[in-house]
Each structure stands twice: as C-alpha cells, then as structure tokens.
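Letter by letter, the chains look like this.
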Amino acid sequence: MDRPRPSSEGVFNTVDGPSGAGKSTAVANVMRLLIEDGVDVHTTSEPSAGPIGRLARALTDTVTGPALACLYAADRYLHLQTEIRPHLATGELVLCDRYVPSGLVMQRLDSVDLEFLWQLNARADRPDLTIILTADPATIATRLTTRGPHNRFQRSADSSRAEVDFYEDARTLLDRAGYNVKVLDTTTLQLVEVAVSIHQAIKSLLCPTRVSRRSRIGGEPAAESA
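Here we summarise the structure given alongside this text. (Residues numbered from 1 in each chain as written. Predicted model: local features only at pLDDT ≥ 70, side-chain atom pairs only at ≥ 80, totals over all residues. Heavy atoms only, no water.)

**Looking at the sheet that holds strand S5 (residues 181-185)**
Taken in spatial order, the 5 strands of this open sheet run S2-S3-S1-S4-S5, and their pairing is parallel. In this open sheet, the two strands that pair with only one neighbour each are strand S2 (41-45) and S5. Neighbour-to-neighbour, the strand axes of this sheet turn through a mean angle of 20 degrees, independent of strand direction. In the sheet, S2 pairs with strand S3 (residues 93-97) via 5 bridges, with the strands oriented parallel. Within S3, the position partnered with His 42 by the bridge is Val 94. Lying over the sheet, helix H1 (residues 23-36) contacts strand S1 (12-16), S2, S3 and strand S4 (129-134), oriented at roughly 165 degrees with respect to S3. Together, S1, S2 and S3 form the strand contacts of helix H3 (residues 65-89), whose direction differs from that of S2 by roughly 165 degrees. (Pairing = 2+ DSSP bridges. Helix = DSSP H or I, 4+ residues; strand = E, 2+ residues; numbered from the N terminus. Axes fitted to C-alpha atoms, helices over the stretch in contact; angles between N-to-C directions. Contact = heavy atoms within 4.5 Å.)

Set out below in structure tokens:
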C-alpha cells in the first residue's frame, strides 16, 4: 500500500518518460509558470542529491540488474523521507523529475522483471499527478544523438524504442494501481505547449489555500522562502 498523506499537505507531482522526451526542460518551464502564479514550488529529481542518489549515479554504468534497481529504490525511499515529505508538510508543491515510473522502466533494459520492480517501488508515496512524456522512438533517438548519451542505457541502438514500450507497460500497471496518470506525446509538441499542458493539469489540483500569499499581496511580493 502507498503511504496516505494528510489533505493539508502540499501537492506532489512527478514527470517521467524516455531519455530525450523533454522531462528536465518541462520541469524547469512548469516551475517558472507556477512561480508566476504565486505557487510555492520545490523541484527535485531522481536519483536524488542525497548519499544514496549520488552513489546510484556513480554506479549506473558499472552496476546492473536487480542490484542497481534496489539501489535506485533505496534512494527513492530516502528521498521521500528527507526531502519530498518535509516540503509537502509545509504546503509546498513538489515537482520531481523521475519517480516510480522510471523505477519500473530503466532496469527492464537490464532484463529485470516488471513485477520485481513493482514490488520494490510499491510502498513509495503515490503522487497527486504522474506525468509521463513520450515520443516517437525515432524522434527520441535523433534528440539523443544530438545531445549525446548520459549513461549506458542511452548508448544502445534500440534503447529509445525499448524505453517507449516499457513506459507504456508502466502506464498500464500504474493505471491499474489507481495512479492519476497523464501522458503527453512530445513528438511534435513545442516545448511551450508541453509546459502549458502540464501546468494546466497541475493547476486543476490546486485549491486557493495552496497558493502562496505572494500572489495575494498588493504591491511588492512577499519574500520567498529558501
């Protein structure tokens, strides 16, 4: 069972998808739009900046299969405990670049069973909204060639098609588990269109009490918290 959160907490949103689908750019653009709305936003990513996340990043190219899957999952639970939940507890909106969907995909490229990956991640807190970006595999492959690979998963000639297919499997599993999933195809969408669509989906979850006082004070905005 996923961990329930008090309704007074902030809103938890995640963005996942194949490498090259535009996740990091989307998170940055959506954060800017939400801040313009006066929403208190905390952005983060996985693997996290914590000790297990740093270890996972360092070992991604040398550790494989279930061992790396367990390391990523351990980072996810520590990330929840030390960063995500504390920010939600203050009423902030948390926007995370990669979360459980990525945990159900990346180690499948190492031939790890999906059910095993689900069991590793099943106790992670359920986001209010799970965004999955996708695109035509050929388009993603072209973007990765232009950008250059970041890790061993992106060096395989078939990685883009495999990731797209595995994310579709993850989406089906998450739908069955009751996740609130929104899928956006970025093959032809402009970056601004992707950001606006995600922004609108997140805004639909917000109630007035979750909007920062900065948007309701006349004249100069109140100072932002660190």
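**Structural notes on the environment of Glu 168**
Structurally, Glu 168 is set in helix H7 (residues 159-176). By relative accessible area, which is 41% here, Glu 168 ends up partly exposed. Sequence separation between Glu 168 and Val 105 is 63 residues, and the spatial gap between their C-alpha atoms is 9.5 Å. (Buried < 20%, exposed > 50% of the residue type's maximum accessible area, 1.4 Å probe, protein only.)

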